[in-house]
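A closer look at the structure
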Amino acid sequence: MWRVLAASALFLFPGALFSQTPQPQQQSSTPQPQLPPPPIPRPAPPLAILVIDPAHGATDSGARGEQGVAEKDVVLFLAQSLKRELERQGMRVILTRQGDTAASFDDRASIANVLPNAVFLSLHVSSTGKPGIATAYSQTPPMGTMPERRDPGAPVPWEEAQLAFIADSRRLAEFLQIQLAQKFPGSPESPSSGNVRQLRLVTHPAVAIELSSVDLPDAKPLERMAPGLTESISRALAAFRQTAGAAKP
Amino acid sequence: MSRQFKITLAILLMGVAIGAIYFRGLHREILRFAHLERSEEQARREVTRPPVTAPADRKFKTQIFWASLSSPGTLEPVEVELPQTDEPSERARLALDTLIASPPDPEQRTLPAETLLLEFYLLADGTAIADFSDALANKTPSGISSEMLAVDSIARTVRAAVPTARRLKILVQGQEVETLAGHVDLSGNFDLAGAPQTAPQNTGAGASLTPAVTPGTLKPASGKQP
């Protein structure tokens, strides 16, 4: 039922996805004595589903510390912890892998790309760097002008999936980095941009968060970053949603 | 019995002595062969590369981008003088070899020491192609930050040495690879013209690496006016 409502809302108000038009609730809440009330109450736009991507898996252990701390295990632990906590807050969360399994970049992107409205977060742990800090990355924009966002229904070349979302991804990365810098002292003040393979394939706002580092005797200090990460993501997503309309012409 | 025992013991001792001498020699041989094998790539590189013909006393100045010690995660240009050559691709080769071989401090290294630049081509349309040995993919520390730093140091060093290069393609053992070490995309080209495509933007106010290559100003969505 929810899906039908969501789909009809999308069909009726495709602009609500990107908030280029005023929010439907705002319209209905404004008193309009001349016009009769709309016959059907307009459903709220669907909440974005958070797709969390614990990077690597199976034979690909990602970064590996000399003491055996493996990126793939740490990010899976963090992703599961984030899912638990954020779902408790009422968010819908999907993981791109449930256990120590392999998934291609394309597989992971597909999980998000089939959803009408999602936010993609890829979790990573670096090999090197100052311990205990977190950096958000969004896709580097191409040279020249930013491409116009395509019609949401039009097909998009797989390799260019992220192109139309680079500005949104950057905005999400900025909100995330503000929070991360507060939770994890020493983290940079502003996010980075990079040619991250995984982000390039996603047709939604997509950000990679990299913690540092696997160069530790055990994974406990990294696992203890979970509550700070949860709060950062929760707050950043709230700010991201609130400003979804303001950033657009 | 005792005499036989003594003879046997003497023969055995002699055997051990001969063995010890022989094994020492063998060990040296093995080391020599290991060294030969290691330098095979080096030899190939020497053979396939035309010698630098310019007189050694003429030098050209360029910038090599190594990791910054003062602000980790960013690059810092170092002015170097390399033997003058009129061939732009040769300049890039010399610069990249220096980038790999001679960081001022081990902490400033951006590419693994084992990496070799196998080939460097400069096409007429301004596309630079740098082909590295597989150590680049295998030995670069896996991670977005470390891989970006590696790619960025290559791109900026090439641009400083060959200002006419417009874009850079990085190959590993002559092949296109999906990522450098699991994160950073190498399937496309890196834009060398204008703002650096790969610039790490994580240092806020301190992001300006050098006046010539200030990281591109990234406009968040709010900067896109109607």
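Quick note: structure is the one above.
Residues numbered from 1 in each chain as written. Chains lettered and ligands numbered in written order. Predicted model: local features only at pLDDT ≥ 70, side-chain atom pairs only at ≥ 80, totals over all residues. Heavy atoms only, no water.

All names here are of chain A. Here helix α9 (residues 226-242) spans 24 Å end to end across 17 residues, near enough to the 24 Å set by a 1.5 Å rise per residue. Where α9 is concerned, the buried positions are A226, G228, L229, T230, S232, I233, S234, A236, L237 and F240. Summarising the contacts, the buried residues of α9 are in contact with β1 (49-54), α4 (71-88), β3 (118-125), α6 (166-183), β6 (206-211) and α8 (220-223). (Helix = DSSP H or I, 4+ residues; strand = E, 2+ residues; numbered from the N terminus. Expected span 1.5 Å × (residues − 1). Buried < 20%, exposed > 50% of the residue type's maximum accessible area, 1.4 Å probe, protein only. Contact = heavy atoms within 4.5 Å.)

This part takes up the packing of aromatic side chains. Residues and elements named next belong to chain B. For the structure on display, the rule yields 1 aromatic pair over all chains. In this arrangement the basic side chain of R32 is found over the ring face of F33, its NZ or CZ atom lying 5.3 Å from the centre. One residue, R91, lies across the ring of F60, its end atom 4.2 Å from the ring centre. (Phe/Tyr/Trp six-rings, centres within 6.5 Å; stacked < 30°, edge-to-face > 60°. Lys NZ or Arg CZ within 6 Å of the ring centre and 35° of its normal.)

Attention shifts here to helix α5 (residues 144-161) of chain B. Between its terminal C-alpha atoms α5 of chain B stretches 26 Å, which fits the 26 Å expected from 18 residues at 1.5 Å a residue. Of all 18 residues in α5 of chain B, 16 are buried, a share of seventy percent or more.

For the rest of this paragraph, the subject is the sheet that holds β6 of chain A. Residue and element names in this part refer to chain A. One open sheet accounts for 6 strands, arranged β2-β1-β3-β6-β4-β5; its pairing is mixed. Strand pairing shows two members of the sheet lacking a second neighbour, β2 (93-95) and β5 (192-194), which therefore form its edges. Ignoring strand direction, the axes of neighbouring strands in this sheet form an average angle of 30°. In terms of strand pairing, β1 meets β3 through 6 bridges, oriented parallel. Within β3, the position partnered with L50 by the bridge is V119. In the packing of α4 onto the sheet, contacts are made with β1, β2, β3 and β6, and the angle to β3 comes to roughly 145°. (Pairing = 2+ DSSP bridges. Axes fitted to C-alpha atoms, helices over the stretch in contact; angles between N-to-C directions.)

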